[in-house]
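A closer look at the structure
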Amino acid sequence: MAGHSKWKQIKHKKADTDEKRAKLFSKLANIITIAARGGADPQFNPTLRSAIETARKNQMPQANVLRAVKRATEHGDLEMLLVEAYGPEGVGILVEAITDNRNRTMNEIKSLFKDHDAKLATPGSLLWSFEKSAEGYTAKFAPTASEAVRERIHNLVEKLEERDDVKKVYTAIDG
């Protein structure tokens, strides 16, 4: 039977898992680089220590961790962004991003918002409806949204999280 090679299947599965790991390692490296700005020694920088522990739990190679710390101490060119937007039917969306080029990242996020019927909000206009916790942001109020709106927001969140620069996306609706 043509096209049913066991080795081809293994090759494609490995390529998929390698791609997912590479995206995860890229995000973890950006988090480590941001955390290392406060000091390159994990003993005196709890944020960096936590980021390194997360990287180890995800089996990130030590060489990648050291390279991320070195990048922060030498260049320090990454910055954190918090983008606020209103999705379909006014559902609140917060996007945390880590980037080396603010303009490029903002343009790509704006483009995704436009494609998915969301609008950029002015800074601070939406943040009041979210609470910051150790895990991130949680919505204070849960708006009622139809299943179609939930699906559209879910699709937007998926597209945003595919981006390497985007660290996490929070919405006012659950799921």
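Residues numbered from 1 in each chain as written. Predicted model: local features only at pLDDT ≥ 70, side-chain atom pairs only at ≥ 80, totals over all residues. Heavy atoms only, no water.

1. Some thoughts on the environment of F113
Counting through the fold element by element, F113 comes out in helix α4 (residues 102-115). Judged by its relative accessible area of 1%, F113 is buried. Each C-alpha atom, one on F113 and one on L160, is 9.0 Å from the other, the two residues being 47 residues apart in sequence. With near-sequence residues (within four places) excluded, F113 lies in contact with V83, A85, V95, A118, L120, L156 and L160. (Helix = DSSP H or I, 4+ residues; strand = E, 2+ residues; numbered from the N terminus. Buried < 20%, exposed > 50% of the residue type's maximum accessible area, 1.4 Å probe, protein only. Contact = heavy atoms within 4.5 Å.)

2. Things to note about helix α3 (residues 62-74)
With 13 residues, α3 extends 18 Å between its outermost C-alpha atoms, agreeing within 8% with the 18 Å of an ideal straight helix rising 1.5 Å per residue. Along α3, the residues classified as buried are V65, A68, V69 and A72. Taken around the axis of α3, the buried residues stretch over an arc of 95 degrees, which confines them to a single face. Projecting away from the buried face of α3 at angles above 90 degrees are the exposed residues L66 and R67. On its buried face, α3 sits against α1 (6-36) and α2 (46-57). (Expected span 1.5 Å × (residues − 1). Arc of directions from axis to C-beta.)

3. What to know about the environment of F25
Checked against the element boundaries, F25 lands in helix α1. In this structure F25 comes out as buried when scored by relative accessible area, which is 12%. Residues F25 and P61 lie 36 residues apart in sequence; the distance between their C-alpha atoms is 9.0 Å. Not counting residues up to four positions away in its chain, the partners in contact with F25 are N58, Q59, M60, P61 and N64.

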